[in-house]
Amino acid sequence: MDYHFNFAVIWRNWDVLLKGLGLGLYLALAALFIGAIIGLIAAFWSLSPRAWLRIPARVYVSVIRNTPLLVLIFITYFGLPQWGFRLPRTEAMIFTLAIYAGAYLCEAFRSGLVAIPKGLREAGLAVGMTELQIQSSIIVPVMLRNVLPVLSNNFIGLFKDTALAAAIAVPELTFQARKINTETFRVMESWLVASALYIIACYLIAALLRLVERRLAIPGTRQ
Amino acid sequence: MNWSLFIEELGKSQENLLIAFGVSSLSAIASIILGTILGIIVGLALTYGHVINRILARLYTDIIRGVPLFVLIMAIFYIQAASGFGMTAFQAGTLALAIFCASHVAENLRGALQAIPKGQMEAAQSVGLTFLQCFFSVLLPQALRQMLPAWVNTAIEIVKGTTLLSVIGVAELLLATQRVISRTYLSLEFYLFVGLVFYILNFTIEQIGRAVERRLARHG
């Protein structure tokens, strides 16, 4: 193997790479936020006794989870303009990623809702709360704190999925790495540095989220 | 939406799309088989290996699981080309999928093996089974049953992941469809079509996985 490493071009583009990483984090955060709202609604619907709410929610989860994210991105960005629904690159990515995340979060929330002891609801009824009050101030907060570890795993997964934004030329880390690769032919350097940045970012996020989880865990529920 | 034109164009390009579907399937099957074998080896090293092997296996899984699959595919494709391995895009992409698959299989196997109570190993050894006998007739059957749902999920991820090979120029289903689109401009119709094909494929895998799971479930 006859390859001479030269990281100079990486250092010259260091701020561009870091900016790309930041953009990826922004995409993942925005998608998580919107996806959590979609997922929460879908979770309630999928547990509803009414078939016209339950069936669409279940179909949504099944379809999104079994379709490649890249195809979903292309449907949003290249397909939907045919129906007059046109989004700029970054927004198209956030929109797609949020719908994608919503399906996975729906599953997490649904199992969280099922796991809530019946007694909590009965306690709420006993002190005279309405159904809406019980859901919004007892069930959902308890469920959210219980599924927090699943939520943070989902966030890390979403952050890795933001790499696909490069396919529609959103200037995040993967896009910049590919650009350095094609412009300078520093193949090894660009991909090794991009991979390393992703790994480090994932581990920092994971460590940070563990702290948050410990902070927010309901006392006495975690081993 | 122009469905009559879509049907007409679909008919014209059905041969190319079928070949591309074959490429996608071949890549998925090869990488799942290769990845599962490699994953079992790494998983065993993670669970029972000596310190050095365990550290190497841990590094492998942690590094691969920290990198997006999309980046892994491009990194392996471009790096092997630059260092003169001369693989085709299909080979490099399938290798990347297999490496990704192996890291997930390894973690699942480790989790499944460690979830089996220690007493079983002790019981098996106390009736005179060797480690290998105990592993193959006591631990492994239970571990395989336990990791089946996660393995099916990994398989679905791999099938979805084959679409990523389009970016390194493998003529799989997504790239073949994009070529049809660039000729016909029926982007929404054809992208929805690819999505539907993958949905049906993965839904089938999911259902088969559930049926096998029910079949293997222990009673009581």
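Calculation rules
- Residues numbered from 1 in each chain as written.
- Chains lettered and ligands numbered in written order.
- Predicted model: local features only at pLDDT ≥ 70, side-chain atom pairs only at ≥ 80, totals over all residues.
- Heavy atoms only, no water.
- Helix = DSSP H or I, 4+ residues; strand = E, 2+ residues; numbered from the N terminus.
- Buried < 20%, exposed > 50% of the residue type's maximum accessible area, 1.4 Å probe, protein only.
- Contact = heavy atoms within 4.5 Å.
- Areas by Shrake-Rupley, 256 points an atom, 1.4 Å probe, with all protein chains shown as cover.
- Buried area = accessible area lost by both parts, 1.4 Å probe.
- Salt bridge = Lys/Arg side-chain N within 4 Å of Asp/Glu carboxyl O.
- Phe/Tyr/Trp six-rings, centres within 6.5 Å; stacked < 30°, edge-to-face > 60°.
- Disulfide = S-S within 2.5 Å.
- Expected span 1.5 Å × (residues − 1).

Asks: Which residues make up the overall build of chain B, and what are the values?
Replies: Across its full length, chain B carries nine helices and zero strands. Across chain B, helices and strands are ordered from the amino to the carboxyl terminus as α-α-α-α-α-α-α-α-α. Seen along its three principal axes, the alpha-carbon backbone of chain B occupies a region of about 70 × 50 × 25 Å. By residue count, 48% of the 220 residues in chain B fall in the buried class. In chain B, of all internal contacts separated by at least 6 residues, the share reaching a separation of at least 24 is 76%. A total accessible area of about 10,900 Å² is found for chain B, and carbon and sulfur atoms account for 67% of it.

Asks: Can you explain the interface of chain A and chain B? Please cite residues and give values.
Replies: With 36 residues of chain A at the interface, the matching set in chain B holds 39 residues. Approximately 3,100 Å² of surface area, both sides summed, lies buried where chain A meets chain B, with 70% of it carried by carbon and sulfur atoms. Considering only the side of chain A, the residues that lose the most area to chain B are Asn66, Gln82 and Trp191 of chain A, jointly responsible for 19% of the buried surface there. Across the chain A-chain B interface, the total number found is zero salt bridges. For the side of chain A that touches chain B, the elements supplying multiple residues, two or more each, are α3 (51-65), α4 (69-79), α5 (89-114), α9 (173-184) and α10 (187-216) of chain A.

Asks: Talk me through the packing of aromatic side chains; I want residue IDs and the actual numbers.
Replies: Evaluation of the coordinates by the stated rule reveals 21 aromatic pairs over all chains. When the ring of tryptophan 3 of chain B is compared with that of phenylalanine 6 of chain B, the centres are 5.3 Å apart and the planes differ by 90°; the resulting orientation is edge-to-face. Linking tryptophan 3 of chain B with phenylalanine 6 of chain B, this pair stays in helix α1 (residues 3-12), spanning three residues, or about one helical turn. You can call tryptophan 3 of chain B partly exposed: its relative accessible area is 42%. Overall, the relative accessible area of 6% leaves phenylalanine 6 of chain B in the buried class. Ring geometry for phenylalanine 190 of chain B versus phenylalanine 193 of chain B: centroids 6.4 Å apart, planes at 85°, classification edge-to-face. Remark: phenylalanine 193 of chain B and phenylalanine 190 of chain B occur in helix α9 (residues 187-216); sequence separation between them is three residues, near one turn of the helix. Residue phenylalanine 190 of chain B is classed as buried on the basis of its relative accessible area of 0%. Classification of phenylalanine 193 of chain B as partly exposed rests on a relative accessible area of 21%. Three or more aromatic residues joined by ring pairs form one cluster here, namely Phe5, Phe7, Trp11 and Trp14 of chain A.

Asks: Explain the state of the cysteines to me, using residue names and the numbers behind them.
Replies: Applying the stated criterion across every chain, the model contains zero disulfides over all chains. Take cysteine 101 of chain B: it sits in no disulfide, and the sulfur closest to it among the cysteines is that of cysteine 202 of chain A, at 19 Å. Cysteine 101 of chain B gets classed as buried once you look at its relative accessible area, which sits at 1%.

Asks: Talk me through helix α8 (residues 148-161) of chain A; I want residue IDs and the actual numbers.
Replies: The terminal C-alpha atoms of α8 of chain A lie 20 Å apart, and with 14 residues this matches the ideal 20 Å at 1.5 Å per residue to within 8%. If you follow the buried residues of α8 of chain A, they end up packed against α2 (14-46), α5, α7 (131-146) and α10 of chain A together with α3 (51-66) of chain B.

Asks: Quick one: what's the story with unusual backbone geometry, residue by residue and with numbers?
Replies: One non-glycine residue, alanine 169 of chain A, adopts positive backbone phi at about 65°. Within the secondary structure, alanine 169 of chain A sits in the loop between α8 and α9. Of note, the phi angle at tyrosine 185 of chain B is positive, near 65°, even though the residue is not glycine. Position of tyrosine 185 of chain B among the secondary structure elements: in the loop between α8 (173-184) and α9.

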